[in-house]
Amino acid sequence: MTLKSGKNMSCGTLVNCAGPRAVETARMAGLYLPVEPRKRYTFIFDAQSPLECDLPLTIDPSGVHMRSEGSYYLAGCPPDDDPAVDYDDFTQDHTIWQEKVWPIIANRIPQFEAIKLVNSWAGHYAYNTFDQNAVIGPHHEVENFIFSNGFSGHGFQQSMAMGRGLSEIITYGTYRSIDLTPFAYKRIAEGKPFTEKAVI
Ligand SMILES: Cc1cc2nc3c(=O)[nH]c(=O)nc-3n(C[C@H](O)[C@H](O)[C@H](O)COP(=O)(O)OP(=O)(O)OC[C@H]3O[C@@H](n4cnc5c(N)ncnc54)[C@H](O)[C@@H]3O)c2cc1C
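Residues numbered from 1 in each chain as written. Predicted model: local features only at pLDDT ≥ 70, side-chain atom pairs only at ≥ 80, totals over all residues. Heavy atoms only, no water.

Caption draft 1: Structural detail: the overall build of the chain. In terms of helices and strands, the chain carries 4 helices and 8 strands. In sequence order, the chain lays out its α and β elements as β-α-β-β-β-β-α-β-β-β-α-α. Projected onto its principal axes, the C-alpha positions of the chain cover 60 × 40 × 30 Å. For the chain, the share of sequence-separated contacts (at least 6 apart) that also reach a separation of at least 24 residues comes to 69%. As displayed, the chain has an accessible area near 11,200 Å², and 52% of this comes from carbon and sulfur atoms. The positive charge centre, built from 17 side chains, and the negative charge centre, built from 23, are 6 Å apart in the chain. (Helix = DSSP H or I, 4+ residues; strand = E, 2+ residues; numbered from the N terminus. Contact = heavy atoms within 4.5 Å. Areas by Shrake-Rupley, 256 points an atom, 1.4 Å probe, with all protein chains shown as cover. Lys, Arg positive; Asp, Glu negative; His and termini not counted. Charge placed at Lys NZ, Arg CZ, Asp CG, Glu CD.)

Below, the structure is given as C-alpha cells:
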C-alpha cells in the first residue's frame, strides 16, 4: 500500500471495508474498483392518524420506500438524477420530500396526507457501477488484498453472510459454509457482471 505521504506499507492480509471510499483504499494498492458514493435521502415523519398496524418495508415502483420506525415512519428514495457525489457531500434536498416522496406516499396510503416531517438526512450508497452487487473476497492476483465492497444499498442485510465468508477465507483460505465466489472481483476483470436488479 502506498500512503499519501508516499511511504509504502506491507501487511499479511488487508481487508478493504472502506464503504463509499473503497475505491481510494483499492487505489493505494494500485487496484481499480468500480464503486462510487451515490446519495440516498431518508425522511422520518409522524402521522396525524397512525396506521392500525406496523408498516413493513413497502416499495413503490418509483423507488420511494417506507416503513414503520418506532412510533414514527421512515421514507426514502434515490434522486431522479443519480450522479456520484463528493465523499463529504451530505447536504439534504428538501424539494425531494416536498415534490417527490410526500406526494407518492400520500397517494399510496391516504393516512399519510396529514403528516409532519420530524427528521431527515442524506447518506451514501457504496454504489457498484459495474453490476450493483457486492465485491467479496481476495483479488485474483493480489491475493492478500480482500474486498468487502460495493454493497450498493443492501450491505446491511448481507453482512452476516459476508462477514462469515470473509472470516473463513482469511482463516482457512477457502469458503466453508457458504460459497461467495460468485461475488469475487474476478468478474470485474473478466467483464462478466453478476447483476443485482433489486436496488432502490
Ligand atoms: C440511506 C441508506 C439506506 C440503506 N438502507 C439499507 C437497507 O435497508 N438494507 C441494507 O441491507 N442496507 C442498506 N443500506 C446499505 C448499508 O448501510 C451498507 O451497505 C452498509 O452499511 C455497508 O457497510 P460497510 O461496513 O461495508 O461500510 P460503511 O458502513 O460505510 O463503513 C465504512 C467505514 O470505513 C471508514 N473508512 C473509510 N475510509 C477509511 C480510511 N481510509 N481509513 C479508515 N477508515 C476508513 C468509514 O469512516 C466507515 O466507518 C443503506 C445505506 C444508506 C446510505
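Caption draft 2: Layout of the layout of surface pockets. Estimated volume of the largest pocket: approximately 540 Å³. In terms of lining residues, the largest pocket is bounded by 23 residues, among which Leu57, His65, Tyr125, Gly153 and Ile200 are the most central. Listed by contribution, the elements that provide at least two residues to the lining of the largest pocket are strand E2 (35-47), strand E4 (65-69), strand E5 (72-77), strand E6 (115-128) and helix H3 (155-172). At 4 residues, E6 tops the list of elements feeding residues into the lining of the largest pocket. The class makeup of the residues in the lining of the largest pocket is 10 nonpolar, 10 polar and 3 charged. Residues from two domains meet in the lining of the largest pocket; each of domain 1 (14-34 + 130-189) and domain 2 (37-128) gives at least three. (1 Å grid on protein atoms, 1.4 Å probe; cavity = no way out; pocket = protein on both sides within 12 Å on 5 of 7 lines; lining within 4 Å. Points joined across faces, edges and corners; volume = space filled by probe spheres on them. Nonpolar A, V, L, I, M, F, W, Y, C, P; charged D, E, K, R; others polar. Domains from an automatic or database assignment.)

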